[in-house]
Amino acid sequence: MADQKKKKLTPVQQEYQQLAKRHEPPRPLLRNFIRAFLVGGVICFIGQAIQELFIRYFDFTEKTAGNPTVAVLILISALLTGLGLYDRIAQWAGAGTAVPVTGFANSIASAAIEHRSEGLVLGVGGNMFKLAGSVIVFGVVAAFVIGLIKSLFLMGG
């Protein structure tokens, strides 16, 4: 793919890209991996702690504690996004904050906050799911296909 882009560039543009690449500072990959791993692990640890609280103090089973745990993680993520803290954490941790539930909640809350000046319907309602809409659609389609396959296997034997 990179070769196709280079073919479309003029020789001057190709020379400029090579010059820019030589002067680009190296990325601290190991540091970024460690930060992402640690923050993602902390988010998962918090989720596990919340689930244990539901099991211990609210008489949930391990199976039934999952949904309220996810709801609390979404709430915490949305609150941190609204306060501007989630973005600061994400800048430091990078991909570690993209743990599916919290990253998804952050993307929806960020879009809602960004477009709130346009009104509730056209601003927040119309733009909130632009980024997350594809995730919802493909998640629903994948769940349907997997459910269909499972049903066919159960019917077959």
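Look up a bit, the structure's there.
Cut-offs used in this document
- Residues numbered from 1 in each chain as written.
- Predicted model: local features only at pLDDT ≥ 70, side-chain atom pairs only at ≥ 80, totals over all residues.
- Heavy atoms only, no water.
- Patch = residues over 30% accessible without salt bridge, like charges linked within 9 Å, V, L, I, M, F, W, Y side chains within 5 Å.
- Areas by Shrake-Rupley, 256 points an atom, 1.4 Å probe, with all protein chains shown as cover.
- Salt bridge = Lys/Arg side-chain N within 4 Å of Asp/Glu carboxyl O.
- Helix = DSSP H or I, 4+ residues; strand = E, 2+ residues; numbered from the N terminus.
- Buried < 20%, exposed > 50% of the residue type's maximum accessible area, 1.4 Å probe, protein only.
- Contact = heavy atoms within 4.5 Å.
- Arc of directions from axis to C-beta.
- Axes fitted to C-alpha atoms, helices over the stretch in contact; angles between N-to-C directions.
- Parallel < 35°, antiparallel > 145°, perpendicular 65-115°, else oblique.
- Left-handed = near helix turned anticlockwise from the far one by under 90°.
- Nonpolar A, V, L, I, M, F, W, Y, C, P; charged D, E, K, R; others polar.
- Phe/Tyr/Trp six-rings, centres within 6.5 Å; stacked < 30°, edge-to-face > 60°.

Some points on a nonpolar patch on the surface
Part 1 of the reasoning: Together, V137, F138, V141, F144, V145, L148, I149, L152, F153 and M155 give the surface a local cluster of nonpolar side chains, amounting to about 1,100 Å² of exposed area.
Part 2 of the reasoning: Locating V137 in the fold gives a position in helix α8 (residues 130–156).
Part 3 of the reasoning: On the accessibility criterion, V137 (47% relative accessible area) is partly exposed.

Notes on the side chain of T102
Part 1 of the reasoning: By the element assignment, T102 lies in helix α6 (residues 100–114).
Part 2 of the reasoning: With relative accessibility at 5%, the residue T102 sits in the buried group.
Part 3 of the reasoning: Among residues more than four places away in sequence, those in contact with T102 are I43, L73, S77, Y86 and T97.

Regarding helix α7 (residues 120–127)
Part 1 of the reasoning: Every buried residue of α7 is accounted for by G123, V124 and N127. Seen along its axis, α7 keeps its buried residues to an arc of 105°; they face one direction. Every exposed residue of α7 that faces more than 90 degrees away from the buried side is listed here: L120, V121 and L122.
Part 2 of the reasoning: Where α7 is buried, its residues contact α6 and α8.

Re the packing of helix α4 (residues 66–82) against α6
Part 1 of the reasoning: Running from N to C, α4 and α6 point in directions that differ by 40°, and their axes come no closer than 8 Å. The orientation of α4 with respect to α6, classified from their angle, is oblique. For the pair α4 and α6, the sense of crossing is right-handed. Contacts between α4 and α6 involve V70, L73, I74, S77, A78, T81 and G82 on the former and, on the latter, V101, T102, A105, N106, A109, S110 and I113.
Part 2 of the reasoning: Broken down by class, the residue content of the contact of α4 with α6 amounts to eight nonpolar, six polar and no charged.

Let's talk about the packing of aromatic side chains
Part 1 of the reasoning: Tallying each qualifying case throughout the model produces two aromatic pairs.
Part 2 of the reasoning: An angle of 45° between the planes, with centres 5.7 Å apart, marks the rings of F54 and F58 as tilted.
Part 3 of the reasoning: The buried category is assigned to F54, whose relative accessible area is 15%.
Part 4 of the reasoning: Take F58: its relative accessible area is 54%, and that puts it in the exposed class.
Part 5 of the reasoning: Centroid distance F54 to F60: 5.4 Å. Interplanar angle 75°. Geometry classified as edge-to-face.
Part 6 of the reasoning: Taken together, F54, F58 and F60 form an aromatic cluster joined through their ring pairs.

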